[in-house]
Amino acid sequence: MLATCLIPTALTLAVIHSTGSAGDLGLVLACELIPQLVLLPIGGVLADRQPPQRVAFAADLVRGLVQLAIGIELLAGTVNILHLSVLSVITGAAVAIGTPTVSPLVTAVVPPEARLRANSHLGTARGIALVAGPGIVGVMVVTIGVGWSFVLTAVLFLVAATTLGGLKVTRHERPAGHSTFLKDLAEGWQVVRSHRWFWTNLVGHGISNLTAGVLMTLGPLIAVRELGGDTSWVITYQCGMVGMLLGAYLAPRLSIPRPLVATSLGGAVFALPLLTFAVPAPTAVNAAAYFVAMLGLGILNTVWQTVMQQQFEPHTLARADSYDALLSFAARPLGLALAAPVAATTGNAAVLVVAAVLVGAGSLGLLALREVRTMGFVTHEETVPETVTAAETADDH
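Residues numbered from 1 in each chain as written. Predicted model: local features only at pLDDT ≥ 70, side-chain atom pairs only at ≥ 80, totals over all residues. Heavy atoms only, no water.

Draft legend 1. Layout of the overall build of the protein chain. Across its full length, the protein chain holds 16 helices and 0 strands. In terms of C-alpha radius of gyration, the protein chain reaches 21 Å, essentially the compact-globule figure of 21 Å for 397 residues. Burial status across the protein chain gives 48% buried among its 397 residues. The long-range share in the protein chain, meaning contacts at least 24 apart out of those at least 6 apart in sequence, stands at 86%. Split by element, the accessible area of the protein chain, about 17,400 Å² in all, is 69% carbon and sulfur. Positive and negative charge centroids in the protein chain, built from 19 and 21 side chains respectively, lie 3 Å apart. (Helix = DSSP H or I, 4+ residues; strand = E, 2+ residues; numbered from the N terminus. Rg over C-alpha atoms; globule rule 2.2 N^0.38 Å. Buried < 20%, exposed > 50% of the residue type's maximum accessible area, 1.4 Å probe, protein only. Contact = heavy atoms within 4.5 Å. Areas by Shrake-Rupley, 256 points an atom, 1.4 Å probe, with all protein chains shown as cover. Lys, Arg positive; Asp, Glu negative; His and termini not counted. Charge placed at Lys NZ, Arg CZ, Asp CG, Glu CD.)

What follows is the structure, encoded as structure tokens:
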């Protein structure tokens, strides 16, 4: 997680130090993102067909070697944007292959009754990595140079590959019968479509990530121009990160009888900072609103991962998770791209208010579904219940 969080900042600084071109930076970052969007479902199939620790080993090994290659090129002083772009494509492909292995690894090594707490630990670690990553890259660039920062990132990936690849896990048996790669790919989409509670939540999560991209674009602009400068945004952002870490920590310690109700409410509170920045409110109010929003997100992510691990059969879990990641990876950059151009025409407040309405309605609207309102956690004494499908609940309006 830490190595993954180092890459975007390191790539950004590498391009800035090499050419200083915004176009070159956009090209390199796009070359990393696009393969993720295209290959995530394929990564899900691989993680369901093969032992997930082997897939994780291969993905981290490739990312480590790519970061090493970038570091060597930077240290040699022969930076080529075409080379960086190609290596970024390979990195993005490895991310797409490795991301869907996380949930299968959790279910393979953690007993059912401990998975909520395990996901809490993972969420906390992810939050710490997100907070610490840019700062660590900044310190490395200042002290040892951007090239060596890639070398150290490569070392982290190689360590991760070695430890994940060596895990002794319980192998989940696949259903009997012959199945090709393409059949498994099609089955993954059918699994998503057949579970109404799942695909509707994916739409809600996509809206949340879209509006998060809007806030990440307009929030800093408003803070710098109208609320006193960089310090205002830094305070707000850091309060949000603290909230996310606290949410991940608290999730297994709260009494949550209806997990999907909790995730819906956790998504809806993201409307708060969108509304406070639309005013715009003072920094203290924005920081408090963002803290609450990210607290909800920390709980949402932890609970959602646990629900998925309980409701999906082990041999389909990675494919389901890949579509969840796909919407998240696609929606946030879309929000980042659209926010400023639309705001230039309509004004910041209008965009933020519309985003708040979208995320509030998209999250709370999920409560209209009976399976969302009634689904509970599966205890370790229970078997996983047969999940309600769209066809079975067609009369539930």
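After presenting the structure, the write-up continues.
Draft legend 2. Structural view of unusual backbone geometry. A cis amide bond links V279 to the next residue, P280, at an omega of -10°. Within the element layout of this structure, P280 appears in the loop between α12 (271–278) and α13 (283–311).

Draft legend 3. Broad picture of the packing of aromatic side chains. In the structure shown here, the tally under the stated rule is 10 aromatic pairs. When the ring of W197 is compared with that of F198, the centres are 5.6 Å apart and the planes differ by 70°; the resulting orientation is edge-to-face. By relative accessible area, which is 0% here, F198 ends up buried. Each ring, one from F198 and one from W304, has its centre 5.7 Å from the other, and the planes form 5°; the classification is stacked. On the criterion of sequence distance, the pair formed by F198 in helix α9 (residues 196–226) and W304 in helix α13 is long-range, its members being 106 residues apart. Comparing F198 with W304, the two get one shared label, buried. (Phe/Tyr/Trp six-rings, centres within 6.5 Å; stacked < 30°, edge-to-face > 60°.)

Draft legend 4. Region of interest: a nonpolar patch on the surface. A cluster of nonpolar residues, F57, L61, L65, L68, I72 and L158, forms a patch on the protein surface that exposes about 470 Å² of accessible area. Broken down by element, the residue count for the nonpolar patch peaks at 5 residues, all from helix α3 (residues 52–76). For L68, a relative accessible area of 31% translates into the label partly exposed. (Patch = residues over 30% accessible without salt bridge, like charges linked within 9 Å, V, L, I, M, F, W, Y side chains within 5 Å. Salt bridge = Lys/Arg side-chain N within 4 Å of Asp/Glu carboxyl O.)

Draft legend 5. A look at helix α8 (residues 181–194). Between the first and last C-alpha of α8 there are 20 Å, a value that for 14 residues agrees with the 20 Å anticipated at 1.5 Å per step. Taken as a whole, α8 has its buried residues at D184, G188, V191 and V192. All buried residues of α8 project into a common sector of 95° when viewed along the axis, lining one side. The outward face of α8, more than 90 degrees from its buried face, is lined by the exposed residues L182 and K183. Looking at the buried residues of α8, the elements they touch are α2 (22–49), α9 and α14 (314–346). (Expected span 1.5 Å × (residues − 1). Arc of directions from axis to C-beta.)

Draft legend 6. Empty space enclosed by the protein, seen in detail. Counted under the stated rule, the structure contains 2 cavities of 30 Å³ or more. What the second largest cavity holds in volume is close to 50 Å³. Forming the boundary of the second largest cavity are N201, G204, H205, S208, T263, S264, G267, L300, G362, S363 and L366. Elements that contribute at least two residues to the lining of the second largest cavity include exactly α9, α11 (259–268) and α15 (348–364). At 4 residues, α9 tops the list of elements feeding residues into the lining of the second largest cavity. Of the residues belonging to the lining of the second largest cavity, the class tally is 2 nonpolar, 9 polar and no charged. (1 Å grid on protein atoms, 1.4 Å probe; cavity = no way out; pocket = protein on both sides within 12 Å on 5 of 7 lines; lining within 4 Å. Points joined across faces, edges and corners; volume = space filled by probe spheres on them. Nonpolar A, V, L, I, M, F, W, Y, C, P; charged D, E, K, R; others polar.)

Draft legend 7. The packing of α12 against α15, seen in detail. With their axes 8 Å apart at the nearest point, α12 and α15 run at an angle of 160° to one another. Comparing their axes, α15 and α12 come out roughly antiparallel. Regarding α12 and α15, the two cross each other, and that crossing is left-handed. When α12 is examined against α15, the residues A271, L274, L275, F277 and A278 are found in contact with a partner set consisting of A349, L352, V353, A355, A356 and V359. Considered class by class, the residues forming the contact of α12 with α15 number 11 nonpolar, no polar and no charged. (Axes fitted to C-alpha atoms, helices over the stretch in contact; angles between N-to-C directions. Parallel < 35°, antiparallel > 145°, perpendicular 65-115°, else oblique. Left-handed = near helix turned anticlockwise from the far one by under 90°.)

Draft legend 8. Structural context of the confidence of the model for the protein chain. Mean pLDDT over the protein chain: 88, with 93% of residues reaching 70 or higher. No element of the protein chain has a lower mean pLDDT than helix α1 (residues 2–18), at 85, and none a higher one than α12, at 97. Note that residues 381–397 has pLDDT below 50 and, in this model, 29 contacts with residues that lie over four places away or in other chains. (pLDDT = per-residue confidence, 0-100.)

Draft legend 9. The arrangement of helix α4 (residues 81–98) in detail. The terminal C-alpha atoms of α4, which comprises 18 residues, lie 25 Å apart, in line with the 26 Å expected from a rise of 1.5 Å per residue. Those residues of α4 lying buried are I81, L84, S85, L87, S88, T91, G92, A94, V95, A96, I97 and G98. Among the residues of α4, the N-terminal cap falls to N80, whose side-chain oxygen and the backbone nitrogen of L82 are separated by 2.8 Å. (Polar contact = N/O pair within 3.5 Å; in protein donor to acceptor, adjacent residues only side chain to side chain.)

Draft legend 10. Geometry of the side chain of S264. Turning to its location among the elements, S264 is positioned in helix α11. For S264, the side chain forms a polar contact with the main-chain oxygen of L260, separated by 2.9 Å.

Draft legend 11. Main features of the pattern of salt bridges. Throughout the structure, instances matching the rule amount to 6 salt bridges. In this structure, the salt-bridge partner of D48 is R319, at a minimum N-O distance of 2.7 Å. On the criterion of sequence distance, the pair formed by D48 in helix α2 and R319 in helix α14 is long-range, its members being 271 residues apart. Residue classification places D48 among the buried residues on the basis of a relative accessible area of 7%. Taken together, the salt bridges that share partners define one network made up of D48, R49, D184, E187 and R319.

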